[in-house]
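Coordinates in review
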Amino acid sequence: MSDGQLTSPPGTHDVLSPASRLWEFLIGTFANEARRYGFGLIVSPMFEDVAVFHRGIGEQSDVARKEMYTFTDRGERTYALRPEGTASVVRAFVQHNPTPPWKAWYATPAFRYERPQAGRYRQHHQVGVEALGSDDPYIDLEVISLAWRFYEAIGLRRITLMVNSMGHAECRAEFVELLTAYFEENETRLCDEHTKVWSTNPLRVLDCKKDSCVSLVQEGPTLPASLCAECRDHFAVVTAGLDALEIPWTANPNLVRGFDYYTRTTFEFASDALANAQNAIGGGGRYDRLAEDLGGSPTPGVGFGSGIERLILALEAEESPVVSAVREAGVFAYVVDTTGGLAALTLTSSLRAAGVSVDRAFDRRSMKSQLKAADRSGARWALLIGDQETHGGYVTLRDLRVGDEGERQYQVPRADVVAHVAELQRKNSEI
Ligand code: HAM
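Residues numbered from 1 in each chain as written. Predicted model: local features only at pLDDT ≥ 70, side-chain atom pairs only at ≥ 80, totals over all residues. Heavy atoms only, no water.

Some details on the overall build of the protein
Convention followed: To qualify as a helix, a DSSP run of H or I must reach at least 4 residues; to qualify as a strand, a run of E must reach at least 2; elements of each kind are numbered from the N terminus. The buried label applies to any residue whose accessible area, calculated with a 1.4 Å probe on protein chains only, is under 20% of its type's maximum; exposed applies above 50%, and partly exposed to all values in between. In this analysis, two residues are considered to be in contact whenever any of their non-hydrogen atoms come within 4.5 Å of each other. Using a 1.4 Å probe, accessible areas were evaluated by the Shrake-Rupley method; residue-level cover was limited to the displayed protein chains.
Check the secondary structure of the protein and you find 17 helices and 16 strands. For the protein, the C-alpha atoms occupy an extent of roughly 90 × 60 × 45 Å along the three principal directions. Across the 431 residues that make up the protein, the buried fraction comes to 50%. Taking all contacts inside the protein whose residues are at least 6 apart in sequence as the whole, residues at least 24 apart take part in 70%. Taken as a whole, the protein presents about 21,300 Å² of accessible surface, with 51% of it coming from carbon and sulfur.

Next up, the structure:
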């Protein structure tokens, strides 16, 4: 504990406006897209019985072993802050038993004790979806195409989609057996960390970014070769569907992803504008045994999650015009009232009722200071009310975007100003 100024914990961030406007834009766009695909919002607790994650994501996953925020509460129960969204959603499905196929979307913080660095945080935020109750490969395609359309809608252009299949339980077990034999023979070639721990979960070596593990994996057994006919068919429908939807993809036979719950389809979206280690902007896949692992009846599922911070980093790295357009879009109008403040009260109230986004100054500040605040607000128009305007029964409109080229201002009768500004805002939104 420090006696000095209190700040946010390492690896966490406060996001203030105008930076947070991008967050509003991303979450709003995701909500629209998810609704368009028939997903309904789920809100569930930020912490769960630690067993939800141990049984869900696997006790041997890196996240469960090294990164979970686990604590005992005053009632001696052991909980963990959610490190990801899927296990909690499936726990809620098992608990409430909604009619399948059940399609849920979420926007949630996730907590992982990572080494903080650019693009890797201890609290990050995800938007995501989960669809439970169908093993039809066309649901995999709905989930992947929803992600793709979302990325398109927010303006991302430089994205690579990688897909793979882990197979169902038996294919996966056969692959793990082959992998185990291979690593036993080649133990000296594993990186330092995996020399010690590979045998508890050999699949994790496939995620390792160290050169020694990467080259060893490249020469070893591959997942596609272990797939049974049914799993191969499932994967073929997914990839043919991606072609039919004209979503470009590449096969990545080593894409096992970091959690133990994945079966069959796995996929990941990378931003080509970001450095390699933190370039994953979203990922997901099928988890056909997870509901059972959490005490429910066998229910297949598929979903994906996408990191909001990474999406913003990717948009910035692409120098997307969306970033400045969204950040600069403040209120549309700003009322500058030098007559005391009552006129601003009634005018802002009528403008808001007419759907105009508008702000105003307080504390009876000078005209100059109010105009400065209007500029800072990002407003397109200042609506000036001084003594002259009050006596003349009009409002002066000043265009705040003309810059140094001179002033553009004109007067509108007070009785017409609300309709006039609403029309200006409507025309502006068409641009
Ligand atoms: P995940 O790949 O661990 O998957 O996380 C999803 C996304 O969250 C990543 O692609 C990345 O954009 C972002 N992310 C993850 N960790 C961090 C971090 N420490 N800092 C910043 N961003 C991060 C899941 O969480 C699965 N629940 C996805 C899923 C849903 N699978 C099936 N359904």
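Things to note about the sheet that holds strand S16 (residues 409-413)
Worth spelling out the cut-off: Criterion used throughout: strands pair if DSSP finds at least two bridges between them. Angles run from 0 to 180 degrees between N-to-C directions of axes, and those axes are lines fitted to C-alpha atoms, restricted for helices to the stretch in contact.
Spatially, the 5 strands line up as an open sheet ordered S13-S12-S14-S15-S16, and their pairing is mixed. Looking at which strands have only one partner, the edges of the open sheet turn out to be strand S13 (358-360) and S16. Within the sheet, the average angular offset between the axes of one strand and its neighbour, ignoring direction, is 25°. With 5 bridges joining them, strand S15 (residues 394-399) and S16 adopt antiparallel strand pairing. Each residue of the ladder has a partner; that of Tyr 394, found in S16, is Pro 413. On the sheet, helix H14 (residues 342-353) packs against strand S12 (333-337), S13, strand S14 (381-385) and S15 and is oriented at approximately 170° with respect to S13.

Notes on helix H4 (residues 86-96)
The buried count for H4 comes to 8 of 11 residues, which makes it a mostly enclosed element. Buried within H4 we find Thr 86, Ala 87, Ser 88, Val 89, Val 90, Arg 91, Ala 92 and Phe 93. Those residues of H4 that are buried lie in contact with strand S2 (47-49), helix H2 (50-57), strand S5 (102-111), strand S6 (123-132) and helix H11 (290-293). Asn 97 sits one or two positions beyond H4 and adopts a positive phi of about 55°.

Some thoughts on the side chain of Asp 140
Checked against the element boundaries, Asp 140 lands in helix H5 (residues 137-154). Judged by its relative accessible area of 0%, Asp 140 is buried.

Quick notes on the sheet that holds S2
Across the sheet, 3 strands lie side by side as S2-S4-S3; this open sheet has antiparallel pairing. Lying at the two open borders of the sheet, with one neighbouring strand each, are S2 and strand S3 (70-72). Across the sheet, the axes of successive neighbouring strands diverge by a mean angle of 35°, strand direction being ignored. With 3 bridges joining them, S3 and strand S4 (residues 78-81) adopt antiparallel strand pairing.

Let's talk about the layout of surface pockets
Over the atoms a probe the size of a water molecule is rolled, and this reveals where empty space is left. Stated formally: Cavities and pockets were defined on a 1 Å grid built from protein atoms only: a cavity is a group of points that admits a 1.4 Å probe but offers it no way out, a pocket is an open group of points flanked by protein on both sides within 12 Å along at least five of seven lines, and a lining residue is one with an atom within 4 Å of any such point. Grid points are joined across faces, edges and corners, and a volume is the space filled by probe spheres set on the points. Residues are grouped as follows: Ala, Val, Leu, Ile, Met, Phe, Trp, Tyr, Cys and Pro are nonpolar; Asp, Glu, Lys and Arg are charged; all remaining types, including Gly, are polar.
Counted as a void, the second largest pocket has a volume near 350 Å³. What lines the second largest pocket is a set of 14 residues, among which Ala 325, Glu 328, Ala 329, Arg 401 and Asn 428 lie closest to the centre. Of all the secondary structure elements, the ones that give two or more residues to the lining of the second largest pocket are helix H13 (321-328) and helix H17 (417-430). In the lining of the second largest pocket, the residues fall into 6 nonpolar, 5 polar and 3 charged.

Description of the site of the ligand
As a reminder of what qualifies: Here a residue is considered near a molecule or strand provided that any single heavy atom belonging to it is located within 4 Å of it. Pairs of N or O atoms are called polar contacts if they sit within 3.5 Å, as long as, within protein, a hydrogen donor faces a hydrogen acceptor (for residues adjacent in sequence, only side-chain-to-side-chain pairs).
Among the 27 residues in the neighbourhood of the ligand, the closest are listed as Glu 84, Thr 86, Glu 114, Glu 130 and Tyr 262. Arg 257 places a polar side-chain atom, nitrogen or oxygen, 2.9 Å from an oxygen atom of the ligand. Take Gly 282: an N or O atom from its main chain is 3.2 Å from an oxygen atom of the ligand. Burial of the ligand by the protein amounts to 96% of the accessible area it has alone, namely 660 Å². The biggest single contributor to the shell around the ligand is strand S10 (residues 280-286), with 6 residues. Grouping the constituent residues of the shell around the ligand by class yields 9 nonpolar, 11 polar and 7 charged.

Remarks on the packing of aromatic side chains
Operational definition: Each Phe, Tyr or Trp ring, with Trp reduced to its six-membered ring, pairs with another whose centre is within 6.5 Å; inter-plane angles below 30 degrees give stacked pairs, above 60 give edge-to-face pairs, and intermediate values give tilted ones.
What the rule picks out here adds up to 18 aromatic pairs. Aromatic side chains Tyr 151 and Phe 269 sit 4.9 Å apart centroid to centroid with 75° between the ring planes, which places their arrangement in the edge-to-face category. Linking Tyr 151 in helix H5 with Phe 269 in strand S9 (residues 263-271), this pair joins segments that are 118 residues apart in sequence. You can call Tyr 151 buried: its relative accessible area is 0%. You can call Phe 269 buried: its relative accessible area is 0%. For the ring pair Tyr 261 and Tyr 287, a centre distance of 5.8 Å and an interplane angle of 70° mean the geometry is edge-to-face. One end of the pair, Tyr 261, is in the loop between strand S8 (250-251) and S9; the other, Tyr 287, is in the loop between S10 and H11, and 26 residues separate them in sequence.

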